[in-house]
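One letter stands for each residue in the lines below.
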Amino acid sequence: MLALLGKRLVQSVLILFGVAAITFVLLYALPADPARMLAGRSATAQTVENIRRELGLDQPLAVQFAHYVGGLVQGDLGRSYAQKTEVVTLIAARLPATLTLMAAGIFLEVLLGVILGAIAALNRGGLVDRTVMMSAFVGVSAPQFVVALLLLYVFAATLGWFPMSGYGTAAHVVLPAATLGLLGAGWYARMVRSAMIDVLNQDYIRTARAKGLSGARVILRHVLPNAILPIIAMIGIDIGQFMGGVVVVEAVYGWPGIGQLAWQAIQQVDIPIIMGVTLTSALAIITGNLVADLIAPVIDPRIRSH
């Protein structure tokens, strides 16, 4: 286990470096000029050049990246061009809101996905199965902003059950989490259905039934524990996706997370913030997958022996 952990940590560092290099090159290849955005349209060429020199944008790309990596090693993500604040401070201030939304969204999508997937698997080939799978397909295909606006219109504007936007109470979490949960539950439902159908066809399940175990006990004790293993890996991936991929949801609901921070930075071509959010999301994906790899052998000893 320690050897696996050490190997994965080395791989993680290399992945983060690769993500940083690729993102850095792509951002500086954009036609948008951060110095021009900060100076404004009416600024003179000399003013723009002074800002570019002040930000270090006049240096060769390799030199800029070397300086960025040097700061990154020390935990410095740079300083926001527009807000004149350390990126670490900005992300740390927005992180609790995103973590709250992430936890609520993942809990809801896993809960719905496991329940619906189990129902579909136990009614394989029937009307219930086809209905659940069709609903799952619609859920994973629906754009986030469409679902978000629909939930806002029905449950906030029309019924008035929840606030339109904001952050701070449990009521503010419901609609954003429901948007993410409904869209993600389809993936989990399809995965759980496939895994359960495979497990239900195993010899040890037939043996358990032959011993006289009730259907509910067979499902809860033997089928679900083996069918949820793929879910663990999916949760690890979802952690990273939720950290950096909820830009639309946070923008619609006015949720003050790092997704909204990234959206504002993209509009302002604030490269240090974009880099910081990207690396934070990459680190979340790596950490989630590493935790999943460490937990899976505990749940299923067969993985440990393999």
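Quick caveat: nothing in here was measured; it's all calculated off a predicted structure.

J.: Help me understand empty space enclosed by the protein in this model?
T.: Gaps left between atoms show up when a probe the size of a water molecule is rolled over them. A complete count under the given rule lists one cavity of 30 Å³ or more for this structure. Estimates place the volume of the largest cavity at around 50 Å³. If you go around the largest cavity, the residues you meet are F162, P163, M164, S165, G166, A171, H172, L175, P176 and Y253. When residues in the lining of the largest cavity are grouped by element, the largest group, four residues, is from helix α8 (residues 170-200). Along the lines of polarity and charge, the residues of the lining of the largest cavity split into seven nonpolar, three polar and no charged.

J.: Before we go on, may I ask you to explain the side chain of Q260 in this structure?
T.: Tracing the backbone through its elements, the reader meets Q260 in helix α13 (residues 258-268). Those residues within four positions of Q260 in sequence are excluded, and the remaining contacts are R94, E250, G254 and W255.

J.: How should I be thinking about α13 in this particular structure?
T.: Two residues of an α-helix separated by three or four positions point the same way, owing to the 3.6 residues in each turn. For α13, the complete set of buried residues consists of I258, G259, Q260, L261, A262 and A265. At the C-terminal side of α13, V269 shows a positive phi close to 50 degrees.

J.: Can you help me understand unusual backbone geometry in this one?
T.: At K84, a position not held by glycine, the phi torsion is positive, near 55 degrees. Summarising the element assignment, K84 is placed in the loop between α4 (61-73) and α5 (87-122). The class of K84 is partly exposed, set by a relative accessible area of 46%.

J.: I keep staring at the layout of surface pockets and nothing clicks. Help me out?
T.: When its volume is computed, the largest pocket comes out at roughly 470 Å³. The wall of the largest pocket is formed by 22 residues, among which L55, G78, R79, Y81 and P272 lie closest to the centre. The residue makeup of the lining of the largest pocket, split by class, is 11 nonpolar, seven polar and four charged.

J.: In this structure, what is going on with the confidence of the model for the protein chain? I would like to understand it.
T.: Chain-level pLDDT for the protein chain is 80 on average; 88% of the residues reach the 70-or-more range. pLDDT under 50 marks residues 302-306. Its contacts with residues more than four places away, or in other chains, come to six contacts.

J.: Please clarify how the environment of F145 should be interpreted in this entry.
T.: Looking at the element boundaries, F145 is found in helix α7 (residues 144-158). By relative accessible area, F145 is classed as partly exposed at 46%. Each C-alpha atom, one on F145 and one on T179, is 8.8 Å from the other, the two residues being 34 residues apart in sequence.

J.: Got a minute to help me understand the packing of α7 against α8 in this structure?
T.: Following both chains from N to C, one finds α7 and α8 inclined at 135 degrees, their axes separated by 10 Å at the closest point. When the interaxial angle is binned, α7 and α8 end up oblique. Crossing geometry of α7 relative to α8 is assigned as right-handed. Here α7 contributes Q144, V147, A148, L151, L152, F155 and A156 to the contact with α8, which in turn contributes L175, A178, T179, L180, L182 and L183. Residue composition of the contact of α7 with α8, grouped by class: 11 nonpolar, two polar and no charged.

Rules used throughout
- Residues numbered from 1 in each chain as written.
- Predicted model: local features only at pLDDT ≥ 70, side-chain atom pairs only at ≥ 80, totals over all residues.
- Heavy atoms only, no water.
- 1 Å grid on protein atoms, 1.4 Å probe; cavity = no way out; pocket = protein on both sides within 12 Å on 5 of 7 lines; lining within 4 Å.
- Points joined across faces, edges and corners; volume = space filled by probe spheres on them.
- Helix = DSSP H or I, 4+ residues; strand = E, 2+ residues; numbered from the N terminus.
- Nonpolar A, V, L, I, M, F, W, Y, C, P; charged D, E, K, R; others polar.
- Contact = heavy atoms within 4.5 Å.
- Buried < 20%, exposed > 50% of the residue type's maximum accessible area, 1.4 Å probe, protein only.
- pLDDT = per-residue confidence, 0-100.
- Axes fitted to C-alpha atoms, helices over the stretch in contact; angles between N-to-C directions.
- Parallel < 35°, antiparallel > 145°, perpendicular 65-115°, else oblique.
- Left-handed = near helix turned anticlockwise from the far one by under 90°.

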